[in-house]
Amino acid sequence: MRRESPIERERRKRKRTAMIVGGFGVVVTVSLIAALLYTHMNAIDRDDLTNCPTSLADLSAYTAIVIDATDALNETQITEVKELIRSEARRLPALGRLDIFSLGDEAQVLDLLFSRCSIESGGEGLGLIDNPRLQRMEWEESYWAPLLQLLDSLEVQEEAARTPLMEGLQMVSSRFPFDEAPQLLEHGWKLILVSDLLQ
């Protein structure tokens, strides 16, 4: 039996290494293509302005915050309201919708101030097909920044003669079509009322 020369041994070693590396490359490429196809096939259509799914059946949660603007909230209360809203907004999962309403007097009972859906904030990304840093930037631009802009505009209001709390709450409940999103009735919907009357 002929002994293998060092050059032949080195060639065989390189060939085996090239086959292993090539095989690994094929596996990684196929995995990435499969992941991209899966992501594309499971993509949810979203509204460009609100980032909310076009189908309410795809919502993961719904939070409505009603701020009673007929009561004069002082600076401390306004600060607490802002922190409550920030906390609820952070807690909302991806594809969860946050609506913020202002409850006025009879002339304009309910005014929608904010309506957006939270998206992936960067912690959920896989790294290979999702870029957590870009997801975080998109979350901040499309969801967090508009919310902070709204919170900066909240200020002390003059007290109104009448507080139509029940009408306002009924309007919020009737505005959201729960028949199109039955998954939220079991869990995942919250109504928060902010009013000086609740002290």
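Up top you'll find the structure we're talking about.
Within each chain, residues carry numbers counting from 1 in the order of the written sequence. Whole-chain, interface and lining totals are the exception, using all residues; otherwise, since this is a predicted model, local features are given only for residues with pLDDT of at least 70 and side-chain atom pairs are given and counted only at 80 or more. Only heavy atoms go into the side-chain values, all of them from the structure, while hydrogens and water stay out.

Draft legend 1. Fine view of the nonpolar core. With 22 residues, the main nonpolar core has I65, I67, I85, L98, I100 and L147 as its most contacted residues. Looking at this core, the elements with two or more residues in it are β1 (61–68), α2 (75–91), β2 (96–103), α3 (132–153) and β4 (189–194). For helices the rule is a DSSP run of H or I covering at least 4 residues; for strands it is a run of E covering at least 2, with both sets numbered from the N terminus onward. In terms of residue count, α3 provides more of this core than any other element does, six residues in total. We call two residues in contact whenever any of their non-hydrogen atoms come within 4.5 Å of each other. Those residues in contact with I67 that lie beyond four places of it in its chain are V81, I85, I100, F101, S102, L103, L154 and V194. Side-chain atoms within 4.5 Å link the members of a nonpolar core, which is a set of buried Ala, Val, Leu, Ile, Met, Phe, Trp, Tyr and Cys residues. Think of it in three bands: with a 1.4 Å probe and only protein chains considered, a residue is buried below 20% of the maximum accessible area for its type, exposed above 50%, and partly exposed in between. In terms of nonpolar packing, the next biggest core, distinct from the first, is built from 17 residues, A64, L110, V172 and F176 among them.

Draft legend 2. Quick look at the environment of L150. Among the secondary structure elements, L150 is positioned in helix α3. Considered as a pair, L150 and F114 are 36 residues apart in the sequence and their alpha carbons are 7.6 Å apart. Non-local contacts of L150, meaning those with residues more than four positions away in its chain, are made with I100, L113 and F114.

Draft legend 3. Layout of the environment of L184. With respect to the element layout, L184 can be found in helix α5 (residues 183–186). Between the alpha carbons of L184 and A57 there is a distance of 8.7 Å; along the sequence they are 127 residues apart. The residues touching L184, leaving out its near neighbours within four places in the chain, are L59, S60, A61, Y62, F176, F178 and W189.

Draft legend 4. Representation of the packing of aromatic side chains. Each pair of aromatic rings taken from Phe, Tyr and Trp, with Trp reduced to its six-membered ring, is defined by centres within 6.5 Å and is described as stacked if the planes are under 30 degrees apart, edge-to-face if over 60, and tilted in the remaining cases. Scanning all chains against the criterion turns up four aromatic pairs. Seen in terms of ring centroids, Y62 and W189 are 6.5 Å apart; in terms of plane orientation they differ by 15°. Their pairing is stacked. One end of the pair, Y62, is in strand β1; the other, W189, is in strand β4, and 127 residues separate them in sequence. Residue Y62 is classed as buried on the basis of its relative accessible area, which comes to 1%. Taking the relative accessible area as the measure of exposure, W189 reaches 32% and is therefore partly exposed. Aromatic side chains W139 and W144 sit 5.4 Å apart centroid to centroid with 15° between the ring planes, which places their arrangement in the stacked category. The burial state of W139 is the same as that of W144; both residues are buried. Of the aromatic side chains, those joined through ring pairs into one cluster are F114, W139, Y143 and W144.

Interpretation note: all reported values are geometric properties and have no functional meaning in isolation.
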